[in-house]
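# Report on the structure
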Amino acid sequence: MSRLDGKSAIVTGGGSGIGRAVCARFAADGATVVVADVDGERATAVAAEIGGRAVQADVTVAADVARMVADAGRVDVLVNNAGGGMSDDVLEIDEEEWEHDVALNLKSAFLCSKAVLPGMIERGGGVIVNIASVNGLAFFANEPYSAAKAGVINLTRSMAVRYGHHGIRAVAIAPGTIRTPIWQERVEKVPEIFEKLLRWYPLGRVGEPEDVAAAAAFLASDDASWISGEVLRVDGGLLAGNAQMARELVADFEDAE
Ligand SMILES: NC(=O)c1ccc[n+]([C@@H]2O[C@H](COP(=O)([O-])OP(=O)(O)OC[C@H]3O[C@@H](n4cnc5c(N)ncnc54)[C@H](O)[C@@H]3O)[C@@H](O)[C@H]2O)c1
């Protein structure tokens, strides 16, 4: 018996990166998967790869979300994964950039959760897995994105508490750097960006989409049946401490001797 046998899941942003790996892992673990993506071709390709169903949907648009959920039928697991955004310093960005990132990362989780919750309440159970970020827990620039991810974490906790008595769990994952196409623009500017990032990661590597998918499969499964409102860092130890600061501090003391 596989971990997600008999479960039906929607994965938003399932056409690329982390979402794609979650779709593959869920399917391998026995789930029936709806691959939802604003890019219909990507969704179709992933659905074909994993034997799932594709839905083209923009998760910032309520009508698309309603159609996506109606199409899916029973939803035991919702993975709010679609997200992104690279706008930065509050002094540099405009209202439109702010609203874009908040809509893509936070409003989307609200709309999709709102759409699946009535069915979960009716059936007396379900799991919402929100893909947040270490940016939602600490400063790593990208202010609107980070504020929205912090909002996702708080929304997760709120839903966990409010709907827990219906047997519904809400959990969040806070990934560190994961090697996905979301980094493409930055890799084009600084080709060795992943190598440069290594010095910050205690485990000596950046993450792969499958690292997040494994955590999502666990949290979505009955193995995690008493875990709710939790934010699981999948970050190679990044937020456990500041290795670079410690090294620099030690070097300063050594220089002073
Ligand atoms: N890659 C990382 O380093 C990293 C780190 C922390 C958190 N995350 C989070 O993980 C999630 C997935 O990121 P990724 O790196 O796999 O990105 P990605 O760019 O590889 O994939 C994102 C997918 O979402 C889809 N998408 C974008 N806007 C959408 C919309 N409005 N409606 C539906 N689908 C939409 C895209 O078409 C794409 O297929 C995001 O929420 C991201 O913020 C990523």
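Read on for an overview of the structure. (Residues numbered from 1 in each chain as written. Predicted model: local features only at pLDDT ≥ 70, side-chain atom pairs only at ≥ 80, totals over all residues. Heavy atoms only, no water.)

Let us look at the side chain of Asn-105. In this fold, Asn-105 is placed in helix 4 (residues 95-123). Overall, Asn-105 belongs to the buried group, its relative accessible area being 3%. Side-chain polar atoms of Asn-105 contact the backbone oxygen of Gly-84, separated by 2.7 Å. The contact partners of Asn-105, leaving out residues within four places of it in the chain, are Gly-83, Gly-84, Tyr-145, Ala-148, Lys-149 and Val-152. (Helix = DSSP H or I, 4+ residues; strand = E, 2+ residues; numbered from the N terminus. Buried < 20%, exposed > 50% of the residue type's maximum accessible area, 1.4 Å probe, protein only. Polar contact = N/O pair within 3.5 Å; in protein donor to acceptor, adjacent residues only side chain to side chain. Contact = heavy atoms within 4.5 Å.)

So, on to the sheet that holds strand 1 (residues 8-12). Taken in spatial order, the 7 strands make up an open sheet running 3-2-1-4-5-6-7, and their pairing is parallel. Each end of this open sheet is capped by a strand with a single partner; those strands are strand 3 (53-56) and strand 7 (231-234). Sheet twist, expressed as the mean angle between neighbouring strand axes with direction ignored, is 20°. Here strand 1 pairs with strand 2 (residues 32-37) via 5 bridges, running parallel. Bridge pairing in strand 2 places Ala-9 opposite Val-33. (Pairing = 2+ DSSP bridges. Axes fitted to C-alpha atoms, helices over the stretch in contact; angles between N-to-C directions.)

Turning to the packing of helix 1 (residues 17-28) against helix 8 (residues 209-220), a few remarks are in order. Following both chains from N to C, one finds helix 1 and helix 8 inclined at 50°, their axes separated by 8 Å at the closest point. Taken together, helix 1 and helix 8 sit at an angle that is classed as oblique. The interaxial crossing formed by helix 1 with helix 8 has right-handed handedness. From helix 1, Gly-17, Ile-18, Ala-21, Val-22, Arg-25 and Phe-26 reach across to helix 8, where they touch Pro-209, Glu-210, Val-212, Ala-213, Ala-214, Ala-216, Ala-217 and Ala-220. Looking at the contact of helix 1 with helix 8 residue by residue, the classes come out as 11 nonpolar, 1 polar and 2 charged. (Parallel < 35°, antiparallel > 145°, perpendicular 65-115°, else oblique. Left-handed = near helix turned anticlockwise from the far one by under 90°. Nonpolar A, V, L, I, M, F, W, Y, C, P; charged D, E, K, R; others polar.)

We now examine the site of the ligand. In the region of the ligand, 29 residues are neighbours, and Ser-16, Asp-37, Asn-81, Tyr-145 and Thr-180 sit closest. With respect to the ligand, the backbone of Ala-57 contributes an N or O atom lying 3.5 Å from a nitrogen atom. One nitrogen or oxygen atom from the main chain of Ile-178 is found 2.8 Å from an oxygen atom belonging to the ligand. When the ligand is considered free in solution it has 830 Å² of accessible area, and contact with the protein chains removes 91% of it. Elements represented by at least two residues in the shell around the ligand include exactly helix 1 and helix 5 (143-163). Here the residues of the shell around the ligand sort into 14 nonpolar, 11 polar and 4 charged. (Near = heavy atom within 4 Å. Areas by Shrake-Rupley, 256 points an atom, 1.4 Å probe, with all protein chains shown as cover.)

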